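Understanding the architecture of this molecule
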Amino acid sequence: MMMVVSGSCALAACLVAFGPPWLVITFGLLWGVSVIEDSAQFSALIVERANRTSVGTVLTLQLALAFAISAFTIWIVPLAANALRWQWASTVLIPGPVAGVWAMARLHKIPLIPTHTT
């Protein structure tokens, strides 16, 4: 759910970019909270679904990938701002939440891995 909110915020940012300060600040807080929640969803998913002997490794991989994506985002948004203007720069962020929502929807159709060994 929070990925839908953060993706919607990426889309809506271009609409509120030059709005009144109270709106921009409120919007920024909503977006910031929704992005933070995304990370927790992925970590919980890994703990729930990964093989117990691999949870640490998979969490490490997830954190490394998340850091790499964040670094890429920090690099690409200013480039987008130069090409599209700051008002539209956030639109380059939309594919991430869209892909995340799609992946989560597909994953929920796959049965859970057993959590114990017999």
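Everything here concerns the structure above.
As the structure is a prediction and not an experimental result, all values here were calculated from the model.

Turning to the overall build of the protein chain, a few remarks are in order. The helix and strand inventory of the protein chain stands at 5 helices and 0 strands. Taken from the N to the C terminus, the helices and strands of the protein chain come in the order α-α-α-α-α. In summary, the protein chain has a C-alpha radius of gyration of 17 Å against a globular reference of 13 Å for 118 residues, an excess of more than 25%. Taken along its principal axes, the extent of the C-alpha atoms in the protein chain is 60 × 25 × 20 Å. Counting only residues that meet the buried cut, the protein chain has 23% of its 118 residues in that class. Considering only contacts within the protein chain whose residues lie at least 6 apart along the sequence, 62% involve residues at least 24 apart. For the protein chain, the accessible surface area stands at approximately 8200 Å², while carbon and sulfur atoms represent 76% of it.

Inspection of the secondary structure assignment puts Thr-73 in helix α3 (residues 55-84). Residue classification places Thr-73 among the partly exposed residues on the basis of a relative accessible area of 24%. Setting aside anything within four residues of it in sequence, one finds Thr-73 in contact with Pro-78 and Leu-93.

Time to look at the pattern of salt bridges. Within this structure, the stated rule accounts for 1 salt bridge. Of the charged contacts, one joins Arg-49 and Glu-48 as a salt bridge, the two residues approaching to 3.8 Å between their closest N and O atoms.

So, on to a nonpolar patch on the surface. Together, Met-1, Val-4 and Val-101 make up a nonpolar patch on the protein surface, roughly 290 Å² of accessible area in all. Among the secondary structure elements, Val-101 is positioned in helix α5 (residues 95-107).

Attention now moves to the side chain of Ser-90. Structurally, Ser-90 is set in the loop between α4 (86-89) and α5. When its relative accessible area of 9% is taken as the criterion, Ser-90 is described as buried. The contacts of Ser-90, once residues within four sequence positions are left out, are Ala-10, Ala-13, Cys-14 and Trp-31.

Calculation rules
Every chain's residues receive numbers from 1 upward, in the order its sequence appears when written. Predicted model: local features are reported for residues with pLDDT of at least 70 only, side-chain atom pairs are reported and counted for 80 or more only, and whole-chain, interface and lining totals are derived from all residues. By convention in this description, side-chain values take in all heavy atoms of the structure and omit both hydrogens and water. A run of H or I in DSSP becomes a helix once it reaches four residues, and a run of E becomes a strand once it reaches two; helices and strands are each numbered from the N terminus. Based on C-alpha atoms, the radius of gyration is set beside the globule rule, defined as 2.2 Å times the residue count to the power 0.38. Each residue is placed in one exposure class: buried if its accessible area under a 1.4 Å probe, protein chains only, is under 20% of its type's maximum, exposed if it is over 50%, and partly exposed if it falls in between. Only heavy atoms matter for contacts: two residues are in contact if any of them lie within 4.5 Å across the pair. Throughout, the Shrake-Rupley method with a 1.4 Å probe supplies accessible areas, and for residues the shown protein chains are the sole cover considered. The rule for a salt bridge is simple: a side-chain nitrogen of Lys or Arg has to be within 4 Å of a carboxyl oxygen of Asp or Glu. Grouping into patches uses exposed residues only, defined as over 30% relative accessible area, and leaves out salt-bridged ones; the cut-off is 9 Å for like charges and 5 Å for nonpolar side chains (Val, Leu, Ile, Met, Phe, Trp, Tyr).

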